[in-house]
Amino acid sequence: MNNSRWLQPLQQQTETMLSQAIAQWQVLPHAVFAQAPQANSWSANECLQHLNSYGDYYFPAIEKAMQQHSTPSTHPFKPGWLGGWFTRMMQTNPTGQPAKKMKAPKQHVPVALPPSHEVIARFIDQQEQLLQLLQQAETSNLSRIKVPISIAPMIKLQLGDVLAFLVAHNHRHVQQAHRALQAACALHG
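Right, let's walk through the structure included here. Here the structure is a predicted model, which is why all the values come from computation and not from measurement. (Residues numbered from 1 in each chain as written. Predicted model: local features only at pLDDT ≥ 70, side-chain atom pairs only at ≥ 80, totals over all residues. Heavy atoms only, no water.)

As a further point, take the packing of helix α4 (residues 81–90) against helix α6 (residues 159–188). For the pair α4 and α6, the least separation of the axes is 8 Å and the interaxial angle reads 10°. Taken together, the axes of α4 and α6 lie roughly parallel to each other. Contacts between α4 and α6 involve Gly83, Gly84, Phe86, Thr87, Met89 and Met90 from the first element and Asp161, Ala164, Phe165, Ala168, His169 and Arg172 from the second. Here the residues of the contact of α4 with α6 are counted per class, giving six nonpolar, four polar and two charged. (Axes fitted to C-alpha atoms, helices over the stretch in contact; angles between N-to-C directions. Helix = DSSP H or I, 4+ residues; strand = E, 2+ residues; numbered from the N terminus. Parallel < 35°, antiparallel > 145°, perpendicular 65-115°, else oblique. Contact = heavy atoms within 4.5 Å. Nonpolar A, V, L, I, M, F, W, Y, C, P; charged D, E, K, R; others polar.)

Below is the structure:
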């Protein structure tokens, strides 16, 4: 599959999540955005902190990998089995529910509730950065460029797989944030 065909849906999903954050989330009060729907669930604030921690790791790693291997794409991209598996694990069903529940790696678990406007602003910045990376990736070799994964940096996945994983992971937790906000809005009226 050529780069544009692989990356275009990822760009569209990212733009949708970015638009939601800008149009809807920035106007919400911290009390609503930081309200967990139940005792052992994350608030929307915590969902975005989790995503921001992934961006903190992956964006510099992607940029570094792309700079080190600036070979243009000459072959169609084919997802790898491991990268495809990670991405499928992150995907949600048509109702937005995760296909499989998972425990977040310790280094990506939020430990505090900073002001929601700061968390949202950082998320917006990161989604804009992700869009830039997706655009740069259009002329990159999605198969040959390898990016170390955050939970085991000795394992490297193809750039195309890492980008697909990140967007699926973002979508999963944006859906979770949406559910948390629905519950919080019901509580706060």
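Let's pick the thread back up.
The subject of this paragraph is the environment of Leu18. By secondary structure assignment, the location of Leu18 is in helix α1 (residues 3–23). With a relative accessible area of 9%, Leu18 lands in the buried category. Placed 108 residues apart in sequence, Leu18 and Gln126 show a C-alpha to C-alpha distance of 9.2 Å. Among residues more than four places away in sequence, those in contact with Leu18 are Ile124, Gln127, Glu128 and Leu131. (Buried < 20%, exposed > 50% of the residue type's maximum accessible area, 1.4 Å probe, protein only.)

Okay, the pairing of strand β2 (residues 152–158) next. As paired strands, strand β1 (residues 146–149) and β2 are joined by four bridges and run antiparallel to one another. Bridging from a neighbouring strand, Ile149 pairs with Ala152 of β2. Here β1 hands over to β2 after two residues, the two strands then running antiparallel side by side. (Pairing = 2+ DSSP bridges.)

Here we come to empty space enclosed by the protein. Taken as a whole, this structure holds one cavity of 30 Å³ or more when the rule is applied. By volume, the largest cavity is sized at about 40 Å³. Around the largest cavity, the lining residues are Leu51, Tyr54, Gly55, Phe59, Gln126, Gln127, Leu166 and Asn170. Mapped by element, the contributors of at least two residues to the lining of the largest cavity are α3 (44–68), α5 (116–137) and α6. For the lining of the largest cavity, the leading source of residues is α3, giving four residues. (1 Å grid on protein atoms, 1.4 Å probe; cavity = no way out; pocket = protein on both sides within 12 Å on 5 of 7 lines; lining within 4 Å. Points joined across faces, edges and corners; volume = space filled by probe spheres on them.)

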